[in-house]
Amino acid sequence: MWRTFNRKHVAYASFAAITGGTYYLYNRAKRLQPYQQRLATISPELFMSETYTDALNTIQLEGLSDRPHTLWTPPSRKEMLNMLNNAENNEPPFDILIIGGGATGSGTALDAATRGLKVALVERDDFASGTSSRSTKLVHGGVRYLEKAIKELDYEQFKLVKEALHERATFLHIAPYISYQLPIMLPIYKWWQVPYFWIGSKCYDMLAGREAVESSYFLTRGKALEAFPWLNKDKLVGAMVYYDVSA
Ligand SMILES: Cc1cc2nc3c(=O)[nH]c(=O)nc-3n(C[C@H](O)[C@H](O)[C@H](O)COP(=O)(O)OP(=O)(O)OC[C@H]3O[C@@H](n4cnc5c(N)ncnc54)[C@H](O)[C@@H]3O)c2cc1C
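Residues numbered from 1 in each chain as written. Predicted model: local features only at pLDDT ≥ 70, side-chain atom pairs only at ≥ 80, totals over all residues. Heavy atoms only, no water.

- The name given to the protein in an unreviewed UniProt entry is Glycerol-3-phosphate dehydrogenase, and the organism recorded there is Rhizophagus clarus.
- According to UniProt, the comment filed for the protein under the heading Catalytic activity (unreviewed entry) is "a quinone + sn-glycerol 3-phosphate = dihydroxyacetone phosphate + a quinol".
- If you open the UniProt record of the protein and go to Sequence similarities (unreviewed entry), you find "Belongs to the FAD-dependent glycerol-3-phosphate dehydrogenase family." (UniProt positions renumbered as here; feature names shortened; annotations may be inferred.)

**Let's talk about the environment of serine 216**
Thought 1: Structurally, serine 216 is set in the loop between α6 (193-208) and β7 (217-220).
Thought 2: The class of serine 216 is buried, set by a relative accessible area of 4%.
Thought 3: Residues serine 216 and methionine 240 lie 24 residues apart in sequence; the distance between their C-alpha atoms is 7.3 Å.
Thought 4: Those residues in contact with serine 216 that lie beyond four places of it in its chain are Ser201, Lys202, Asp205, Met240, Val241 and Tyr242.
Thought 5: In this structure the side chain of serine 216 is engaged in a polar contact, spanning 2.7 Å, whose partner is the side chain of aspartate 205. (Helix = DSSP H or I, 4+ residues; strand = E, 2+ residues; numbered from the N terminus. Buried < 20%, exposed > 50% of the residue type's maximum accessible area, 1.4 Å probe, protein only. Contact = heavy atoms within 4.5 Å. Polar contact = N/O pair within 3.5 Å; in protein donor to acceptor, adjacent residues only side chain to side chain.)

**A closer look at the pattern of salt bridges**
Thought 1: For the structure on display, the rule yields four salt bridges.
Thought 2: With a shortest N-O distance of 3.5 Å, glutamate 147 and lysine 151 are connected by a salt bridge. Of this pair, glutamate 147 and lysine 151 are both found in helix α4 (residues 143-151), four residues apart, which corresponds to roughly one turn of the helix.
Thought 3: The residue lysine 159 makes a salt bridge to glutamate 156 at a minimum N-O spacing of 3.5 Å. With lysine 159 and glutamate 156 both in helix α5 (residues 155-174) and three residues apart, the pair spans about one turn of that helix.
Thought 4: A residue is classified by how much of its surface remains accessible, and lysine 159, at 38% relative accessible area, is partly exposed.
Thought 5: You can call glutamate 156 exposed: its relative accessible area is 54%. (Salt bridge = Lys/Arg side-chain N within 4 Å of Asp/Glu carboxyl O.)

**Re the layout of surface pockets**
Thought 1: Estimated volume of the largest pocket: approximately 1,200 Å³.
Thought 2: Looking at the largest pocket, it is lined by 29 residues, and the ones nearest its centre are Ala103, Thr104, Leu138, Val139 and Phe171.
Thought 3: Looking at the lining of the largest pocket, the elements that each hand over two or more residues are α3 (103-114), β5 (138-139) and α5.
Thought 4: At eight residues, α5 tops the list of elements feeding residues into the lining of the largest pocket.
Thought 5: The class makeup of the residues in the lining of the largest pocket is eleven nonpolar, 14 polar and four charged.
Thought 6: Built from parts of two domains, the lining of the largest pocket gets at least three residues from each of domain 2 (77-134) and domain 3 (138-246).
Thought 7: Estimates place the volume of the second largest pocket at around 870 Å³.
Thought 8: In terms of lining residues, the second largest pocket is bounded by 20 residues, among which Met80, Val119, Ala120, Leu121 and Phe127 are the most central.
Thought 9: Within the residue set of the lining of the second largest pocket, elements represented by two or more residues are α2 (77-85), α3 and β4 (119-122).
Thought 10: It is α2 that contributes the most residues to the lining of the second largest pocket, five residues altogether. (1 Å grid on protein atoms, 1.4 Å probe; cavity = no way out; pocket = protein on both sides within 12 Å on 5 of 7 lines; lining within 4 Å. Points joined across faces, edges and corners; volume = space filled by probe spheres on them. Nonpolar A, V, L, I, M, F, W, Y, C, P; charged D, E, K, R; others polar. Domains from an automatic or database assignment.)

Right, dumping it as structure tokens:
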């Protein structure tokens with residue numbers, strides 16, 4: 001009886017082990033399938049090992065990868081000039097040629113490349129060697145531009161500020177690791193400037209709508225001096241603090 005009981009349980013255990021094992025191997029193969037298919041299609045330019053991890057397994061996939069290698073070095077100047085001239089055949093090798101690698105050119109190049117266009121960029125000096133090297137790095141709608149838009153009743157300028165405020169929110173959202181909210185303090189030395197700056201800052205906040213950052217606020221003379229003791233105390237009335245984004 002004891003023998004029968006044992007044999008029966010060994011049989012059950014073997015059956016469970018075989019079924020479980022088969023199920024495990026089947027699932028593992030299924031999980032790996034898309035990665036193996038991808039490895040079979042990518043260009044054999046770089047060799048890398050990839051690690052695919054899920055809750056249960058860490059699977060090392062040795063093979064070819066289309067990811068750029070960290071030690072990638074750009075082609076030589078001669079090679080790049082050859083590519084630009086397209087010395088081998090006379091077909092245009094690029095969809096777009098950008099002149100200047102400042103903020104505008106680099107941004108345009110990145111945008112175009114991510115849309116699948118073949119992009120060439122020529123720069124006479126170095127990336128961001130021009131005006132872009134002097135930027136305060138504010139990602140702003142521009143309080144001054146809003147002031148100008150209202151004073152000159154310039155609707156185009158107003159739309160520009162609105163669009164820039166939207167871009168500011170997008171930038172905070174997609175690049176939180178390099179962007180942060182920056183409080184900016186405007187010292188006020190004339191009484192009439194208190195309502196002027198207050199209304200201006202609040203309009204700026206409101207224009208951002210749901211994409212607004214921290215709200216602006218007024219600082220009394222005492223609080224402003226507490227925060228910035230080196231401010232010129234003569235005739236200081238107070239300060240207005242508003243927020244923008246910096247990178
Ligand atoms: C002091 C200061 C502070 C600023 N602060 C801010 C700020 O906080 N936030 C903000 O949004 N903006 C700011 N700006 C404005 C901003 O910096 C500029 O709008 C922006 O950098 C312009 O970029 P760009 O690519 O158009 O020009 P540039 O940065 O000048 O780039 C032009 C590039 O083209 C190259 N080039 C020119 N001619 C040729 C040629 N024939 N062949 C090859 N290459 C060529 C140049 O070498 C240069 O690298 C500030 C500007 C200044 C001056």
